Amino acid sequence: MGRGKIEIKRIENSSNRQVTYSKRRNGIMKKVKEITVLCDAHVSLVIYGSSGKMHEFCSPSTTLIDILDRYQKQSGKRLWDTKHENLSNELDRIKKENDSMQIELRHLKGEDISSLVQSELVAIENALEIGLANIRNKQMELYKMVKKNQRILEEENNHLNYIMQHQQGMAMEARNLREVEGGYQRDVRDYSPQMPFAFQVQPIQPNLQERI
């Protein structure tokens, strides 16, 4: 007795739906791998579950980008708009420039130069000489700047020392003046004038008091 026909519709129970998805996804992946090996087919498969998790497979002999490009050319459908094409071209250009700069950098370091011809070696030598001259000029500019800053600092330091010494001299003069004034005031307080003679007042009329 064969299995009954399953009605194809959305499975409402979330647990049953997840179990069915896992089983059928594994079955599809298995079939894709088999047809790739058995038939030397170029296959790319991308599956997104309801949870958003992605599962993918691509034949080892190709890439997803190659398959999409082939599909776009053969079907006439544009998968990428002009903006994305320009961005892709710009990325390719930048990658090529970066590769070229990496090669030039190795040459300037003296690496991988065995395959270079005389003119290329002369160009590298000239570039190194120009770079060395620029470095020396920059070093001289930095040296002059350092000497100038040192001279400015020395002048400021001398000016500050002069101000400090001047203030110290003024403070010392003020302290000496206060000491002189203090000594003078002490001398004035200690001085008490004394009369050299004693006077006694006598009444003009000595007997007047007796008469009264």
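Data block above holds the structure.
Below, the structure is looked at part by part. Residue positions are given per chain, counted from 1 along the sequence in the order it is written. A pLDDT threshold of at least 70 governs which residues receive local features in this predicted model, and a stricter bar of 80 or more applies before side-chain atom pairs are shown or counted, although totals over entire chains, interfaces and linings include all residues. Computation of side-chain values: all heavy atoms of the structure, hydrogens and water removed.

The way it works is that DSSP assigns letters per residue, a run of H or I at least four long becomes a helix, a run of E at least two long becomes a strand, and they are numbered from the N terminus. Within the protein one finds 5 helices and 2 strands. For the protein, the succession of helices and strands along the chain, N to C, is α-β-β-α-α-α-α. The buried share of the protein, reckoned over its 212 residues, is 9%. Sequence-distant contacts, at least 24 apart, represent 20% of the contacts inside the protein between residues at least 6 apart. Methods summary: accessible areas were calculated by the Shrake-Rupley approach with a probe of 1.4 Å, and residue burial reflects only the protein chains presented. Counting only carbon and sulfur atoms, one obtains 56% of the accessible surface of the protein, whose full area is about 19,800 Å². To sort residues, take the accessible area from a 1.4 Å probe on protein chains only and compare it with the maximum for the residue type: under 20% means buried, over 50% means exposed, and anything in between is partly exposed. We call two residues contacting when some pair of their heavy atoms lies within 4.5 Å.

Along the chain, histidine 107 turns up in helix α3 (residues 82-108). Here the side chain of histidine 107 touches aspartate 112 through a polar contact of 3.2 Å, landing on its backbone oxygen. Not counting residues within four places of it along the chain, the set of residues in contact with histidine 107 comprises Asp112, Ile113, Leu116 and Ile124. Pairing of N or O atoms within 3.5 Å defines a polar contact, subject to two protein rules: one partner must be a possible hydrogen donor and the other a possible acceptor, and residues neighboring in sequence count only if both atoms are side-chain atoms.

This part takes up the pairing of strand β1 (residues 44-48). Here β1 shows one buried face, formed by Leu45 and Ile47, and one open face, formed by Ser44, Val46 and Tyr48. Pairing of β1 with strand β2 (residues 54-58) involves 5 bridges; the strand directions are antiparallel. Residue leucine 45 lies in a different strand from β2, and its bridge partner there is phenylalanine 57. In this scheme, strands are said to pair when DSSP sees at least two bridges between them.

Here the focus is the environment of leucine 64. Structurally, the position occupied by leucine 64 is in helix α2 (residues 64-75). Using a relative accessible area of 33% as the deciding quantity, one classes leucine 64 as partly exposed. Sequence-wise, leucine 64 and serine 44 are 20 residues apart; in three dimensions their C-alpha atoms are separated by 6.2 Å. Beyond its immediate stretch of four places on either side in the chain, leucine 64 contacts Ser44 and Cys58.

Okay, helix α1 (residues 14-39) next. Here the expected span of a helix is defined as 1.5 Å times the quantity of residues minus one. Taking 1.5 Å per residue, 26 residues should reach 38 Å; α1 reaches 37 Å between its end C-alpha atoms and fits that length. Every buried residue belonging to α1 is among Arg25, Met29, Val32 and Thr36, and all of these are buried. Against the buried residues of α1 lie β1 and β2. Residue asparagine 13 occupies the N-cap position of α1, its side-chain oxygen lying 3.0 Å from the main-chain nitrogen of serine 15.

With that settled, the discussion passes to the nonpolar core. Among the nonpolar cores identified, the biggest contains 6 residues, and these are Met29, Val32, Val43, Leu45, Ile47 and Phe57. Of all the elements in the fold, those that place two or more residues in this core are α1 and β1. In this structure, methionine 29 is in contact with Leu45, Ile47, His55, Glu56 and Phe57, ignoring residues within four places of it in sequence. Here, the term nonpolar core denotes a set of buried Ala, Val, Leu, Ile, Met, Phe, Trp, Tyr and Cys residues that are joined through side-chain atoms within 4.5 Å.

Turning next to unusual backbone geometry. Backbone geometry at aspartate 40 places phi at a positive 55 degrees, although glycine is not the residue there. The residue aspartate 40 is located in the loop between α1 and β1 in this model.

It is worth spelling out a nonpolar patch on the surface at this point. Patch rule: a residue counts if its relative accessible area is over 30% and it has no salt bridge; like charges are joined within 9 Å, and nonpolar side chains (Val, Leu, Ile, Met, Phe, Trp, Tyr) within 5 Å. Salt bridges are defined by distance alone: a side-chain nitrogen of Lys or Arg within 4 Å of a carboxyl oxygen of Asp or Glu. Nonpolar side chains collect at one region of the surface, where Val46, Tyr48, Met54 and Leu64 lie side by side and expose about 350 Å² of accessible area between them. In this fold, methionine 54 is placed in strand β2. Take methionine 54: its relative accessible area is 36%, and that puts it in the partly exposed class.

The next subject is the pattern of salt bridges. On inspection of all chains with the given rule, the structure shows 7 salt bridges. The salt bridge partner of arginine 10 is glutamate 12, with a shortest N-O separation of 3.2 Å. A relative accessible area of 53% places arginine 10 in the exposed class. The closest approach of N and O atoms between lysine 95 and aspartate 99, which form a salt bridge, is 3.4 Å. Here lysine 95 and its partner aspartate 99 are both found in helix α3, 4 residues apart, which amounts to about one turn of the helix. A cluster of three or more residues bridged by salt bridges with shared partners is formed by Glu90, Arg93 and Glu97.

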